[in-house]
Amino acid sequence: MSGPSLRKPDAHSSIHEAALNEAVELRDLFQKCLEDGEKEKAFQVIEVAIEHWESRTLKHAEAEEEGLYKDIVDENPDMISTVIQLTRDHDLMRRIVENMKERLQSHQPDQLMITLLDSLVIIDQIHNDDEMNKLLNHEEK
C-alpha cells in the first residue's frame, strides 16, 4: 500500500519538483566550483549531490516501486507497460549514480560529472512528466 501523498498528483508533483530543484542547484554549484578551480569544494559538492540523488530521488523511486506502482497495476493491469517504463527510468538513474560513485573513487571531479548530473536531471524531468501524465492522471479518471 502506497502513502497517500504518492497518490495525489499535486502532492506527488511537489515532491518531484523540490528534489529536482535541489539537484539542479547542486549541479550548478558543482560547475561553478570546477570553473573556479576549487577542486576540494567541487569534491565535497559532488559527494553531496550523489547523496542527494540517493536519499531523495532514488528513495522516492523505491517507495513508488514498492507501493504506488504495485497498487496501480493491481487495480489496473493495463498500466503494466507504463509502470515498466517508469521503473526503467529509475534503473537508469540508479546506474548513473553508481557510475558517478565509482568514478569519484578513481578520478578527480571533472566535466564528465556535469554530463552525468545533466543526464540525471533530463531523465528525471521526462520521468516526472510521464508519471504525472500517464500514471497519476490516468488513475483519477
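This one's a predicted model, so the numbers in the text were calculated from it and none came from an experiment.

Chemist: For the nonpolar core, give the residues involved together with the corresponding values.
Modeler: By size, the foremost hydrophobic cluster in this structure holds 24 residues, and its most contacted members are Phe30, Ile46, Trp53, Met100, Met113, Leu117 and Leu120. Those elements giving two or more residues to this core turn out to be helix H2 (9–35), helix H3 (39–75), helix H4 (80–106) and helix H5 (111–140). For leucine 117, the contacting residues outside a window of four places in its chain are Arg27, Phe30, Ile46, Ala49, Trp53 and Met100. By size, the runner-up hydrophobic cluster in this structure holds 10 residues, among which are Tyr69, Val83, Met132 and Leu135.

Chemist: Talk me through H2; I want residue IDs and the actual numbers.
Modeler: Here H2 is 27 residues long and its end C-alpha atoms lie 38 Å apart, about the 39 Å a rise of 1.5 Å per residue gives. Three or more residues of H2 are buried, namely Pro9, His12, His16, Ala19, Leu20, Ala23, Leu26, Arg27, Phe30 and Cys33. Glycine 37, located one to two residues past H2, shows a positive phi value of around 75°.

Chemist: A description of the side chain of threonine 82 should follow, citing residues and the corresponding values.
Modeler: Here threonine 82 shows up in helix H4. You can call threonine 82 buried: its relative accessible area is 13%. Residue contacts for threonine 82: discarding those within four places in its chain leaves Lys134 and Leu135.

Basis of the calculations
- Residues numbered from 1 in each chain as written.
- Predicted model: local features only at pLDDT ≥ 70, side-chain atom pairs only at ≥ 80, totals over all residues.
- Heavy atoms only, no water.
- Core = buried A, V, L, I, M, F, W, Y, C linked by side-chain atoms within 4.5 Å.
- Buried < 20%, exposed > 50% of the residue type's maximum accessible area, 1.4 Å probe, protein only.
- Helix = DSSP H or I, 4+ residues; strand = E, 2+ residues; numbered from the N terminus.
- Contact = heavy atoms within 4.5 Å.
- Expected span 1.5 Å × (residues − 1).

Treat this as a map of the structure, not an account of what it does.
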